[in-house]
Each structure stands twice: as C-alpha cells, then as structure tokens.
Amino acid sequence: MAISSPPEAAKICCNVAFSKAHEPLITTLVLGFVAGAYIAFGGAIMTFVTHDAAAHIGLGIAKLLGGVVFALALFLIVVAGGELFTGNCLMAIGTLSGCAAPSKVLKNWIVVYFANMAGAAVVTLMLWKSGVFSDVINGYALRIAAGKVDLTFTQMLLRGILCNWLVAIAVWVTYAAHDVAGKYVGCLVPVSAFVALGFEHSVANMYFIFFGLLLKTDPAAVQASGLSEAAIAKLTTAGYVGNMIPVTIGNIIGGAFFVATLYFAVFRKELN
C-alpha cells in the first residue's frame, strides 16, 4: 500500500483545509448531512452486532468488534465523500499555516456540525420507525444512551479529547494513503481503538443519545433495558445537551490541538 510521508501528509491536510474552507455552502450542507447519516449507520450496526456479543466472546473482544464494524462510517465518509465535524477539526492546520482563514474554518465547523446532526437524526428516526431492532436490542441501545448522559463533565471532556485524537489521526492517515485499501486500514485501526476504549464522539452521540430519547417512550424497550427509573429520568434533552457540550469541546481539542497543532509544530517549515 503506497502512502505519503508525514511531511507530505501535512501538506495534503493543508490543501484539504483550503478546499473545505472555500467550498460552496450547499456542498458543505449536503456532505455534512450524508456524513452524519453514515455515522448513524455505523452506530446502528455497532449496536446490533454487540448487543449480545459479550456473552459469547467476552466484553473486551465484543467492544473491539463494535469498533471494527463502526469503522464502516468513517470509511464511507472518506471514500464516498462527506464532511465530518470531528475530522474537520484538522482544518486548524490550515489556519496555522495561513491557507485557511480562521473565520472560514469556524463557519465550516458550525455548518458541518449541524448538518451532521440533521443527517444522524434522519437515519435515527428511520431506524426507530422501521422496527428493525428487537426489544432486546432497543433495550441495549437505551442502556448505551443512559450511560453516556450519566458521565461527569470531566469524563465527557477527556473522553472527547481522547476520541478525536484517534479519529483525527485516522483521517490524517487516510489523506496520506494512495489507495482504498490503505484508506480502509487508516480508518479501521484508530476507530476500533476509540470505540473499544469507550471514548466519546460528538457526532456518534447525535445518534446514540437521540435514539435513547426516542426509545425511552417505548415501554418494551424500557423494560428490556433493565434500567432504573432514576437512570431513565436522566435521559432528557438537557442530558443530551449536557453531553454534547463537553464532548464537542473535547473533540475540538483532540483534533485541532493534539493532531493539527502538534504536527504543524513539527512540519511548519515544510508548510511555509
């Protein structure tokens, strides 16, 4: 598998940042929508595959398997096309190198974030209405959502940082890869790691927590979840927002600082 060197990958990231910063608004909206939809598909297949896997193969391997199938989402975004907020945190290297104005990068992040949310919401609603999941799987999905809103602010922030450190480096590697196989491996390994370790991804949570909000209205799902009334009570719109804020901040720090800024510091001479 052919791959660009690290300094070459940094240049590619700068070029991508420039391109994203100057693309038409409608393009950003549509690509952001489909990226959010792909993340929701990834979350759905992860939910389906892992809902009973731990009982057969152990918790650790089950979580790793969940990461392997969730990597479908980033692979589709990279190869088929999509604007993903967490991946676009790499655009900070474009600002640092002078090829993407801060205002344009910020505009891209805001537009893509809410376009991702719309795409994830549409797929989540379709999944809910389709009845494709059994009550048992719905109960498991409800437990996932309840667990996410039950974290502390610090836990959400740190897990958000760690998550996007891995997701952003995955996107960085896919920029460097010259073929589809290389891009797939670039997605697979870091994404599997972040999912297995239980880190927090803001766009994925647009699916997981929203799905939980829908499922809490389903008595069969609530019963199958085995959750207490107190745990269900925490799963609210306020709980959703309370997760998204620290996780989003953490995702920005993880991608924009720990990947884009640190690699800019290393390769700044090659980028000027």
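Scroll up for the structure.
Being a predicted model, the structure only gives us computed values, none of them experimental. (Residues numbered from 1 in each chain as written. Predicted model: local features only at pLDDT ≥ 70, side-chain atom pairs only at ≥ 80, totals over all residues. Heavy atoms only, no water.)

(A) Representation of the overall build of the protein. The secondary structure content of the protein amounts to 14 helices and zero strands. For the protein, the sequential pattern of α-helices and β-strands runs α-α-α-α-α-α-α-α-α-α-α-α-α-α. In summary, the protein has a C-alpha radius of gyration of 18 Å against a globular reference of 19 Å for 272 residues, a match within 12%. Put simply, the protein has 272 residues, and 50% of those count as buried. (Helix = DSSP H or I, 4+ residues; strand = E, 2+ residues; numbered from the N terminus. Rg over C-alpha atoms; globule rule 2.2 N^0.38 Å. Buried < 20%, exposed > 50% of the residue type's maximum accessible area, 1.4 Å probe, protein only.)

(B) Fine view of a nonpolar patch on the surface. On the surface, Ile57, Ile61, Leu64, Leu65, Val68, Tyr184, Val185 and Val189 cluster together into a nonpolar patch covering about 610 Å² of accessible area. Listing elements by their share of the nonpolar patch, those giving two or more residues are helix H4 (59–80) and helix H10 (180–197). Of all the elements, H4 adds the most residues to the nonpolar patch, at four residues. On the basis of relative accessibility, which here comes to 49%, the residue Ile61 falls in the partly exposed class. (Patch = residues over 30% accessible without salt bridge, like charges linked within 9 Å, V, L, I, M, F, W, Y side chains within 5 Å. Areas by Shrake-Rupley, 256 points an atom, 1.4 Å probe, with all protein chains shown as cover. Salt bridge = Lys/Arg side-chain N within 4 Å of Asp/Glu carboxyl O.)

(C) Representation of the nonpolar core in the model. Judged by nonpolar contacts, the single largest core of 75 residues is most densely connected at Ile39, Phe70, Ile93, Trp172, Phe194 and Tyr207. Counting residues per element, this core draws most heavily on helix H11 (residues 202–215), which supplies nine residues. Ignoring anything within four residues of it in the chain, the contact list for Trp172 reads Pro6, Ala9, Ala10, Cys13, Leu90, Ile93, Val259 and Tyr263. (Core = buried A, V, L, I, M, F, W, Y, C linked by side-chain atoms within 4.5 Å. Contact = heavy atoms within 4.5 Å.)

(D) Expanded view of the environment of Asn138. Tracing the backbone through its elements, the reader meets Asn138 in helix H8 (residues 135–149). A C-alpha to C-alpha distance of 35 Å links Asn138 and Leu90, two positions 48 residues apart in sequence.

(E) Quick look at the side chain of Thr47. Within the secondary structure, Thr47 sits in helix H2 (residues 25–50). A residue is classified by how much of its surface remains accessible, and Thr47, at 0% relative accessible area, is buried. A polar contact of 2.8 Å, which involves the side chain of Thr47, links it to the backbone oxygen of Gly43. Residues in contact with Thr47, not counting those within four places in the same chain, are Phe133, Ile137, Tyr140, Ala141, Ile144, Tyr207 and Phe208. (Polar contact = N/O pair within 3.5 Å; in protein donor to acceptor, adjacent residues only side chain to side chain.)

(F) The arrangement of the packing of aromatic side chains in detail. Taken as a whole, this structure holds twelve aromatic pairs when the rule is applied. Aromatic pair Phe133 and Phe211: ring centres 6.0 Å apart, planes at 55°, arrangement tilted. One end of the pair, Phe133, is in the loop between helix H7 (102–130) and H8; the other, Phe211, is in helix H11, with 78 residues separating them in the sequence. Just as Phe133 is buried, Phe211 falls in that class too. A connected cluster of aromatic rings, assembled from ring pairs, spans Phe85, Trp109, Tyr113 and Phe114. (Phe/Tyr/Trp six-rings, centres within 6.5 Å; stacked < 30°, edge-to-face > 60°.)

(G) Summary view of the environment of Ala231. Locating Ala231 in the fold gives a position in helix H13 (residues 229–233). Each C-alpha atom of the pair Ala231 and Gly81 lies 38 Å from the other, and the pair is 150 residues apart in sequence.

(H) The arrangement of the packing of H4 against H10 in detail. H10 packs onto H4 with a crossing angle of 135° between their chain directions and a minimal axis gap of 7 Å. The angle between H4 and H10 places the two elements in the oblique class. Once H4 is placed against H10, the crossing between them reads as right-handed. Residues Lys63, Leu64, Gly66, Gly67, Val68, Phe70, Ala71, Leu74, Phe75, Val78 and Val79 of H4 lie in contact with H10, whose contacting residues are Val180, Lys183, Tyr184, Cys187, Leu188, Val191, Ser192, Phe194, Val195 and Ala196. A breakdown of the residues in the contact of H4 with H10 according to their chemical character gives 16 nonpolar, three polar and two charged. (Axes fitted to C-alpha atoms, helices over the stretch in contact; angles between N-to-C directions. Parallel < 35°, antiparallel > 145°, perpendicular 65-115°, else oblique. Left-handed = near helix turned anticlockwise from the far one by under 90°. Nonpolar A, V, L, I, M, F, W, Y, C, P; charged D, E, K, R; others polar.)

(I) Focus on helix H14 (residues 237–271). Its 35 residues place the ends of H14 only 43 Å apart at the C-alpha level, less than the 51 Å of an ideal helix rising 1.5 Å per residue. Within H14, the axis deviates most sharply at Ala265, by approximately 60°. (Expected span 1.5 Å × (residues − 1). Bend = angle between axes of the 7 residues up to and from the residue.)

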